[in-house]
Amino acid sequence: MWTPVGRGRWHGRALTVWAAAAAHRGLLEPRPTPTREAAAKSRTLDRLYSSADRKVTAEKIDLSRFSVENIRNFSIIAHVDHGKSTLADRLLELTGTIDKTKNNKQVLDKLQVERERGITVKAQTASLFYNCEGKQYLLNLIDTPGHVDFSYEVSRSLSACQGVLLVVDANEGIQAQTVANFFLAFEAQLSIIPVINKVDLKNADPERVEKQIEKVFDIPSDECIKISAKLGTNVERVLQAVIERIPPPKVHRKNPLKALVFDSTFDQYRGVIANVALFDGVVSKGDKIVSAHTKKTYEVNEVGVLNPNEQPTHKLYAGQVGYLIAGMKDVTEAQIGDTLYLHKQPVEPLPGFKSAKPMVFAGMYPIDQSEYNNLKSAVEKLTINDSSVTVHRDSSLALGAGWRLGFLGLLHMEVFNQRLEQEYNASVILTTPTVPYKAVLSSTKLIKEYREKEITIINPAQFPDKSKVTEYLEPVVLGTIITPDEYTGKVMMLCQARRAVQKNMMYIDQNRVMLKYLFPLNEIVVDFYDSLKSLSSGYASFDYEDAGYQTAELVKMDILLNGNPVEELVTIVHKDKAHSVGKAICERLKDSLPRQLFEIAIQAAVGSKIIARETVKAYRKNVLAKCYGGDITRKMKLLKRQAEGKKKLRKIGNIEVPKDAFIKVLKTQCDK
């Protein structure tokens, strides 16, 4: 009798199909028919394990049969919507990892937010077993996101790989994120296999795309593989190219264990599940391991591969990519980029990753302060799954206790908020995003107080006065825009309106232009991408990378209500944009504030200078209603007395801004 390797419950045809595929791959072992006692024990185990809903099998896969020469670790990288996840689906089907059905659409995109938006947010790993020319190969595939906000996920994934599939749409050609991802792989010195996808489309022009790849990336056109991931055309060639062109990992199994944690997730029952790439040695259940970052010791409870669901194994060997559960219960213990090694066998830690640099900051507050602790727990658990988010505690007089969160971009912020709602049922108030500014202090007294000459400002309320600093600095990014040439003029005008400086312009083929601009980050953070897509009919693509800081004329703008400043509405703006931004905030406040029995003056002020004003008119009793004739002086007397009463009310009246008015003004303006 043939039995599947592991524990768990398999039914009917699914078992037959799996067993046939697994026997073909040599993953099954003969086992005698179980006794009655063993069968009862197996049923008990079944009940225990089905509660956790884990697809595990009775004997575990033996990974020792895969020598280092027969292992390939690779990622799929591309621009948004160029077919990475669809290609991953076909590779999973081709290797028998999943059954071939019509429902296989973005199998590796497991999050609800990914399904709804049709984008990959989290890099996902899958181990594929493939038979080529009589040899069994273990292929570890990592499907990566394509949006610029998640490039940190891509760079982390590349650390566990020796090669990449660079997917380019045969219709759209090279886009901005294609260029950015290529250079990430190029700098990591990985083998690059260009794949031209969607050749089945009516307007596909693979020959034009081949020329683009040759011109921009200097990769010969004969190395490109033309496929249709949707139809499965020519996908077999991709697997052969992975085996032929991507080198096996350079590792040593006899050396002490050295494992890199390149990703992690949090499970409510089992704690932290760490995704690891083994550079040296072997790890198995029961081993005592030490974290190089925290120096804490753990006992390994489970190791395995993702196939694409968790598949426990006896051991993980050097060169392989898998998961490891070691009873890490605290979210701060699983540090991305950490090195794990065996107890009493210390090793030199791996270089790890550059920490993600937040580009956008926003305040996050619970809608009801009684939900603070629940939201705190949810944010902590989600940040272990998304380590690129930075968290600082913050509080506001109007909104209560909360956090100042740092994100890699606006989409990253939206996705984080959506995941909080969907995965943890937490509703929050998110304030308008801001960027981190710097100020160079002038006096030695202040430098002693802050303990550094250059301070970073992430909360506008803490912006220092001009008299205390020599200069202000704002973050800048190097933006890459690829657009059809008929929109070049409009795109240039948009960039100039955003204070951008042109650095380069290059035609990548007869119809497409690549523009490089130096942008102030605060000019592109909210609505630049939407404006670019609108004026280019959706054809232009945009990508940016950090380019440091530059000197800027920044001012702190206060919002006054009847002469009293409102701390929560303080903003930092460039001197040239102060009037337009101030006017917009005043208009939003006018629409949000309830009317009082006295007039409310809403003003935007820079220092002592008022730059914009709106007025909320007072409720007014008609004091002339009883005058149905008579002398004009009688009417004037009544109106004068009313005006004096309003003036007195305005002096003693206190304006309390309701919470919903704050939320309307502070939250991200979707319609901007």
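In this text the structure is predicted, and so the values were computed from the model without any measurement. (Residues numbered from 1 in each chain as written. Predicted model: local features only at pLDDT ≥ 70, side-chain atom pairs only at ≥ 80, totals over all residues. Heavy atoms only, no water.)

Draft legend 1. Local environment of the sheet that holds strand E21 (residues 400-407). Ordered by their spatial adjacency, 4 strands build an open sheet running E20-E21-E19-E22, and the pairing between neighbours is antiparallel. Two strands in the sheet have a free side with no partner beyond their single neighbour: strand E20 (390-396) and strand E22 (428-430). The average angle at which neighbouring strand axes cross in this sheet is 30 degrees, direction not considered. Contacts from helix H9 (residues 372-385) reach strand E19 (360-366), E20, E21 and E22 within the one sheet, and its direction differs from that of E21 by about 15 degrees. (Pairing = 2+ DSSP bridges. Helix = DSSP H or I, 4+ residues; strand = E, 2+ residues; numbered from the N terminus. Axes fitted to C-alpha atoms, helices over the stretch in contact; angles between N-to-C directions. Contact = heavy atoms within 4.5 Å.)

Draft legend 2. How the structure looks around helix H12 (residues 488-497). Taken together, the buried positions of H12 are occupied by Thr488, Val491, Met492, Leu494 and Cys495. The arc enclosing the buried residues of H12, seen along the axis, measures out at 160 degrees, which places them on a common side. Among the exposed residues of H12, those oriented more than 90 degrees off its buried face are Met493 and Gln496. For H12, the elements touching its buried residues are strand E25 (469-484), strand E26 (501-507), strand E27 (512-520) and helix H14 (528-535). Phi for Arg499, located one or two positions after H12, is positive at around 60 degrees. (Buried < 20%, exposed > 50% of the residue type's maximum accessible area, 1.4 Å probe, protein only. Arc of directions from axis to C-beta.)

Draft legend 3. Spatial organisation of the pattern of salt bridges. Following the criterion strictly, the structure yields 17 salt bridges and no others. In this structure, Glu210 and Lys226 form a salt bridge, with 3.4 Å as the shortest nitrogen-oxygen distance. On the criterion of sequence distance, the pair formed by Glu210 in helix H7 (residues 206-217) and Lys226 in strand E8 (residues 225-226) is long-range, its members being 16 residues apart. Relative accessible area serves as the criterion here: at 12%, Glu210 is assigned to the buried category. Residue Lys226 is classed as partly exposed on the basis of its relative accessible area, which comes to 29%. Note that Glu299 and Lys288 form a salt bridge whose closest N and O atoms lie 4.0 Å from each other. Of this pair, Glu299 sits in strand E13 (residues 297-299) while Lys288 sits in strand E12 (residues 288-291), placing them 11 residues apart in sequence. (Salt bridge = Lys/Arg side-chain N within 4 Å of Asp/Glu carboxyl O.)

Draft legend 4. Spotlight on unusual backbone geometry. Its identity is not glycine, yet Asn234 carries a phi of approximately 70 degrees, on the positive side. By the element assignment, Asn234 lies in the loop between E8 and helix H8 (235-245). At Asn562, a residue that is not glycine, the phi angle is positive and equals roughly 50 degrees. By the element assignment, Asn562 lies in the loop between strand E29 (554-561) and strand E30 (564-565).

Draft legend 5. Geometry of a negative patch on the surface. A cluster of acidic residues, Glu214, Asp218, Asp222 and Glu223, forms a negative patch on the protein surface. Structurally, Glu214 can be placed in helix H7. Under the relative-accessibility criterion, Glu214 is labelled partly exposed at 38%. (Patch = residues over 30% accessible without salt bridge, like charges linked within 9 Å, V, L, I, M, F, W, Y side chains within 5 Å. Areas by Shrake-Rupley, 256 points an atom, 1.4 Å probe, with all protein chains shown as cover. Lys, Arg positive; Asp, Glu negative; His and termini not counted. Charge placed at Lys NZ, Arg CZ, Asp CG, Glu CD.)

Draft legend 6. Molecular detail of empty space enclosed by the protein. Following the criterion strictly, the structure yields 3 cavities of 30 Å³ or more and no others. Within this model, the largest cavity holds a volume of roughly 50 Å³. Around the largest cavity, the lining residues are His79, Val80, Gly146, His147, Val148, Gln177, Tyr529 and Phe542. Taken together, the residues of the lining of the largest cavity sort by class into 4 nonpolar, 4 polar and no charged. (1 Å grid on protein atoms, 1.4 Å probe; cavity = no way out; pocket = protein on both sides within 12 Å on 5 of 7 lines; lining within 4 Å. Points joined across faces, edges and corners; volume = space filled by probe spheres on them. Nonpolar A, V, L, I, M, F, W, Y, C, P; charged D, E, K, R; others polar.)

Draft legend 7. Geometry of the side chain of His412. Residue placement: His412 occurs in helix H10 (residues 410-424). Reaching out from His412, the side chain makes a polar contact with the backbone nitrogen of Leu408 at a distance of 2.9 Å. In this structure, His412 is in contact with Asp149, Phe150, Asp386, Ser388, Val389 and Phe407, ignoring residues within four places of it in sequence. (Polar contact = N/O pair within 3.5 Å; in protein donor to acceptor, adjacent residues only side chain to side chain.)

Draft legend 8. Summary view of the packing of H9 against H10. Packing of H9 against H10 brings their axes to within 11 Å, and their N-to-C directions diverge by 115 degrees. Two packed elements cross with a definite hand, and for H9 against H10 that hand is right-handed. Contact residues: Leu375, Ala378, Val379, Lys381, Leu382, Thr383 and Asn385 in H9; Phe416, Arg419, Leu420, Glu423 and Tyr424 in H10. In the contact of H9 with H10, the residues fall into 7 nonpolar, 2 polar and 3 charged. (Left-handed = near helix turned anticlockwise from the far one by under 90°.)

Draft legend 9. Structural context of the sheet that holds E12. Read across the open sheet, the 8 strands follow the order E13-E12-E18-E9-E10-E17-E14-E15; overall the sheet is antiparallel. Since the sheet does not close on itself, it has two edges, and those belong to E13 and strand E15 (310-313), each with one partner. Neighbour-to-neighbour, the strand axes of the sheet open up by a mean angle of 40 degrees, direction not taken into account. Relative to strand E18 (residues 339-342), strand E9 (residues 258-267) runs antiparallel, the two sharing 2 bridges. Counted as the bridge partner of Ala259 is Leu340 from E18. Where H9 meets the sheet, its contacts fall on E9 and strand E10 (271-280), and the angle it forms with E9 comes to roughly 145 degrees.

Draft legend 10. Region of the structure containing the side chain of Asp169. In this fold, Asp169 is placed in strand E6 (residues 163-169). Judged by relative accessible area, Asp169 falls into the buried class, the value being 3%. A polar atom in the side chain of Asp169 sits 3.4 Å from the backbone nitrogen of Glu172. Those residues in contact with Asp169, other than ones at most four positions away along the chain, are Asp81, His82, Asn197, Lys198 and Val209.

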